[in-house]
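Residues per chain are reported as follows:
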Amino acid sequence: MMNLLYEGKAKQLYSCEEPDKVYVHYKNSATAFNGIKKEEFEKKGVLNNTITSLIFNYLENAGVRTHFIEKVNDTDQICQHVTIIPLEVIIRNIVAGSMAKKYGLPEGQVLAKPVFELSYKNDALGDPLINDDHAVALHIVTEDELAFIKFQALRINMLLQEFFLKANLTLVDFKIEFGKTKNNQIILADEISPDTCRLWEVGTQEKFDKDRFRRDLGGVMEAYEEVLRRLTHE
Ligand code: UDP
């Protein structure tokens, strides 16, 4: 018998017999705008579990420590039990989404260098944007932990850019989260999927990510399916 430890918008976390592990179930619900827009997609759990497993496997093989242990079935994986650091770590290579809006920039503008951005993970506050000093001053992370997180995030960006480019997709931006193990090690956690990345087709700039849902462009699951197909067959 597994106990539900936590239920988020896209996943459920259950306890495992081994206390160091958690059982992660990927749900079919899609949400946007802090939960205001909602829809169920039949294949979403399977697709995001499969894509995340593939990506975390790739990152582990490239030497990035993650919480991922194994994919156990279509919708579920076993991960290391970590305490999530309440930061949404965002890396941007190209202007899109909230960055375009906030600074009045055209979507698609290539940035002179990757932008490392932090939001304080708090649904009630709408995940407000914070800077490095806020993160340290508010005791969310230490200076050293933040330096490590930034280094890892930029390294993950390089690895993912290369990975997606092989599938003819440009990694525009993405969000990651880190967790702390009981030995106080910081490792990559949560998921990496078309829910958490912006992926544009090289050349056409066609969207293959959650913006299809956010902006009512249709073909949401078809796009996620195509991402998976390209990551596995090309
Ligand atoms: N993102 C995410 N979860 C969030 C907010 C953002 O996964 O709660 C991802 C989003 O998919 C995009 C990147 O982080 O790849 C940057 O998102 P942005 O700040 O532009 O916000 P959005 O326009 O997605 O609200």
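All figures in this text were calculated on a predicted structure; none of them were measured in a lab. (Residues numbered from 1 in each chain as written. Predicted model: local features only at pLDDT ≥ 70, side-chain atom pairs only at ≥ 80, totals over all residues. Heavy atoms only, no water.)

Trainee: Any chance you could break down a negative patch on the surface for me, citing the residues and the numbers?
Mentor: Together, Asp 132, Asp 133, Glu 143 and Asp 144 make up a region of like negative charge exposed at the surface. Listing elements by their share of the negative patch, those giving two or more residues are helix H3 (132-137) and helix H4 (143-165). Within the secondary structure, Glu 143 is located in helix H4. Note on Glu 143: relative accessible area 53%, which makes it exposed. (Patch = residues over 30% accessible without salt bridge, like charges linked within 9 Å, V, L, I, M, F, W, Y side chains within 5 Å. Areas by Shrake-Rupley, 256 points an atom, 1.4 Å probe, with all protein chains shown as cover. Salt bridge = Lys/Arg side-chain N within 4 Å of Asp/Glu carboxyl O. Lys, Arg positive; Asp, Glu negative; His and termini not counted. Charge placed at Lys NZ, Arg CZ, Asp CG, Glu CD. Helix = DSSP H or I, 4+ residues; strand = E, 2+ residues; numbered from the N terminus. Buried < 20%, exposed > 50% of the residue type's maximum accessible area, 1.4 Å probe, protein only.)

Trainee: Any chance you could break down the pattern of salt bridges for me, citing the residues and the numbers?
Mentor: Tallying each qualifying case throughout the model produces 23 salt bridges. For Glu 7, the salt bridge goes to Lys 27, with nearest N and O atoms at 2.7 Å. Of this pair, Glu 7 sits in strand E1 (residues 4-7) while Lys 27 sits in the loop between strand E3 (21-26) and strand E4 (29-32); the two residues are 20 residues apart in sequence, bridging distant segments of the chain. Linking Glu 107 and Arg 215 is a salt bridge whose minimum nitrogen-to-oxygen distance equals 2.9 Å. Within this pair, whereas Glu 107 is found in the loop between helix H2 (97-103) and strand E10 (110-120), its partner Arg 215 is found in the loop between helix H5 (211-214) and helix H6 (220-233), the two being separated by 108 residues in sequence. Through salt bridges that share partners, Arg 92, Glu 107, Glu 117, Asp 173, Arg 198, Asp 211, Arg 214 and Arg 215 make up one connected network.

Trainee: Can you explain the sheet that holds E3? Please cite residues and give values.
Mentor: In sheet architecture, strand pairing relies on hydrogen bonds along the backbone and comes in two forms, parallel and antiparallel. The five strands lie next to each other as E1-E2-E3-E7-E6, forming an open sheet whose pairing is antiparallel. Edge positions in the sheet fall to E1 and strand E6 (68-73), since each has one partner strand and no second. Pairs of neighbouring strands in the sheet enclose a mean axial angle of 25°, with direction left out of account. In terms of strand pairing, E1 meets strand E2 (residues 11-15) through three bridges, oriented antiparallel. Bridge pairing in E2 links Glu 7 to Gln 12. (Pairing = 2+ DSSP bridges. Axes fitted to C-alpha atoms, helices over the stretch in contact; angles between N-to-C directions.)

Trainee: Report on the side chain of Glu 201, specifying residues and quantitative values.
Mentor: Take Glu 201: it is sitting in strand E14 (residues 197-201). Take Glu 201: its relative accessible area is 12%, and that puts it in the buried class. A distance of 3.0 Å separates polar atoms of two side chains, one belonging to Glu 201 and the other to Thr 204. A polar side-chain atom of Glu 201 sits 2.5 Å from a polar atom in the side chain of Arg 230. (Polar contact = N/O pair within 3.5 Å; in protein donor to acceptor, adjacent residues only side chain to side chain.)

Trainee: I'd like a description of unusual backbone geometry, backed by residues and values.
Mentor: One non-glycine residue, Phe 33, lies in positive phi territory at about 55°. Of note, Phe 33 is situated in the loop between E4 and strand E5 (37-40). Classification of Phe 33 by relative accessible area gives partly exposed; the value is 48%. Of note, Asn 184 is a non-glycine position whose phi angle comes to about 65°, a positive value. In this structure, Asn 184 sits in the loop between strand E12 (169-180) and strand E13 (186-189).

Trainee: Describe the site of the ligand, with residues and values.
Mentor: As a structural note, the neighbourhood of the ligand is formed by 15 residues, with Arg 92, Ser 98, Asp 173, Arg 198 and Arg 214 the closest of them. Take Glu 88: an N or O atom from its side chain is 3.1 Å from an oxygen atom of the ligand. In this structure, Asp 173 approaches the ligand through a side-chain N or O atom, which is 2.6 Å from an oxygen atom. In isolation the ligand exposes 490 Å². Once the protein is present, 78% of that is buried. Of all the secondary structure elements, the ones that give two or more residues to the shell around the ligand are strand E9 (87-94), H2, E12 and E14. By residue class, the composition of the shell around the ligand is four nonpolar, three polar and eight charged. (Near = heavy atom within 4 Å. Nonpolar A, V, L, I, M, F, W, Y, C, P; charged D, E, K, R; others polar.)

Trainee: Which residues make up the pairing of E14, and what are the values?
Mentor: Counting buried positions over the five residues of E14 gives five, a clear majority of the element. Side-chain alternation along E14 places Cys 197, Leu 199 and Glu 201 on one buried face and Arg 198 and Trp 200 on a second face that is also buried. Judged from the five bridges that link them, E12 and E14 form a sheet pairing that is antiparallel. Among the inter-strand pairings, Asp 173 is bridged to a residue of E14, identified as Arg 198.

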